[in-house]
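This is what each chain is made of:
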Amino acid sequence: MSGARWAGVLAALLLLALGLGLGVVWCGTERYDLAYKLTALRAGLDEREELVAKLEVERDNLLSPYRLREKAREFGLGPASQGRIRRMDAPPAGAPGGTEQQ
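So, a few notes on the structure that sits alongside this text. (Residues numbered from 1 in each chain as written. Predicted model: local features only at pLDDT ≥ 70, side-chain atom pairs only at ≥ 80, totals over all residues. Heavy atoms only, no water.)

1. Side note on the overall build of the protein chain
Part 1 of the reasoning: Scanning the protein chain from N- to C-terminus turns up two helices and zero strands.
Part 2 of the reasoning: Computed over its C-alpha atoms, the radius of gyration of the protein chain comes to 37 Å, more than 25% above the 13 Å expected for a compact globule of 102 residues.
Part 3 of the reasoning: If one aligns the C-alpha atoms of the protein chain with their principal axes, the spans along those axes are about 115 × 45 × 15 Å.
Part 4 of the reasoning: Looking at the protein chain as a whole, 2% of its 102 residues are labelled buried.
Part 5 of the reasoning: Split by element, the accessible area of the protein chain, about 9900 Å² in all, is 63% carbon and sulfur.
Part 6 of the reasoning: Here the protein chain contributes 14 positively and 13 negatively charged side chains, and the mean placements of these two sets differ by 2 Å. (Helix = DSSP H or I, 4+ residues; strand = E, 2+ residues; numbered from the N terminus. Rg over C-alpha atoms; globule rule 2.2 N^0.38 Å. Buried < 20%, exposed > 50% of the residue type's maximum accessible area, 1.4 Å probe, protein only. Areas by Shrake-Rupley, 256 points an atom, 1.4 Å probe, with all protein chains shown as cover. Lys, Arg positive; Asp, Glu negative; His and termini not counted. Charge placed at Lys NZ, Arg CZ, Asp CG, Glu CD.)

Following this line, the structure appears as structure tokens:
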């Protein structure tokens, strides 16, 4: 082989080595970038899970029978007395508001 051909092969190998080196550096940078994003997403998920847990505790507290009983007393509400409950029969089929039978 002539010297010019060796120089061409050497230049091609150097370019290939440079390209591979840049590829390795780029992959490493992407890996660190993805790891950073993953850490941020996990932190956000943990915050949201913590908020959901707090909201569930607050909901359970607001809907507890004791709390509802106290609120009912506060507004003067209580169990319905005799004669205060009205029952309505279902409207006949075909009447407005009634259910159609098929």
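2. Remarks on the packing of aromatic side chains
Part 1 of the reasoning: One pass over the full model with this rule turns up zero aromatic pairs.
Part 2 of the reasoning: Geometry around Tyr-32 places Arg-31 over its ring, the cationic atom sitting 4.8 Å from the centre. (Phe/Tyr/Trp six-rings, centres within 6.5 Å; stacked < 30°, edge-to-face > 60°. Lys NZ or Arg CZ within 6 Å of the ring centre and 35° of its normal.)

3. Looking at the pattern of salt bridges
Part 1 of the reasoning: Throughout the structure, instances matching the rule amount to five salt bridges.
Part 2 of the reasoning: Taking the shortest distance from any N to any O, the salt bridge between Glu-50 and Lys-54 comes out at 3.5 Å. Note that Glu-50 and Lys-54 are positioned in helix 1 (residues 3-62) at a spacing of four residues, about one turn of the helix.
Part 3 of the reasoning: According to the relative accessible area criterion, Glu-50 is partly exposed, its value standing at 47%. (Salt bridge = Lys/Arg side-chain N within 4 Å of Asp/Glu carboxyl O.)

4. Quick word on a nonpolar patch on the surface
Part 1 of the reasoning: Together, Val-9, Leu-13, Leu-16 and Leu-20 make up a nonpolar patch on the protein surface, roughly 370 Å² of accessible area in all.
Part 2 of the reasoning: By the element assignment, Leu-13 lies in helix 1.
Part 3 of the reasoning: Given the relative accessible area of 51%, Leu-13 is considered exposed. (Patch = residues over 30% accessible without salt bridge, like charges linked within 9 Å, V, L, I, M, F, W, Y side chains within 5 Å.)

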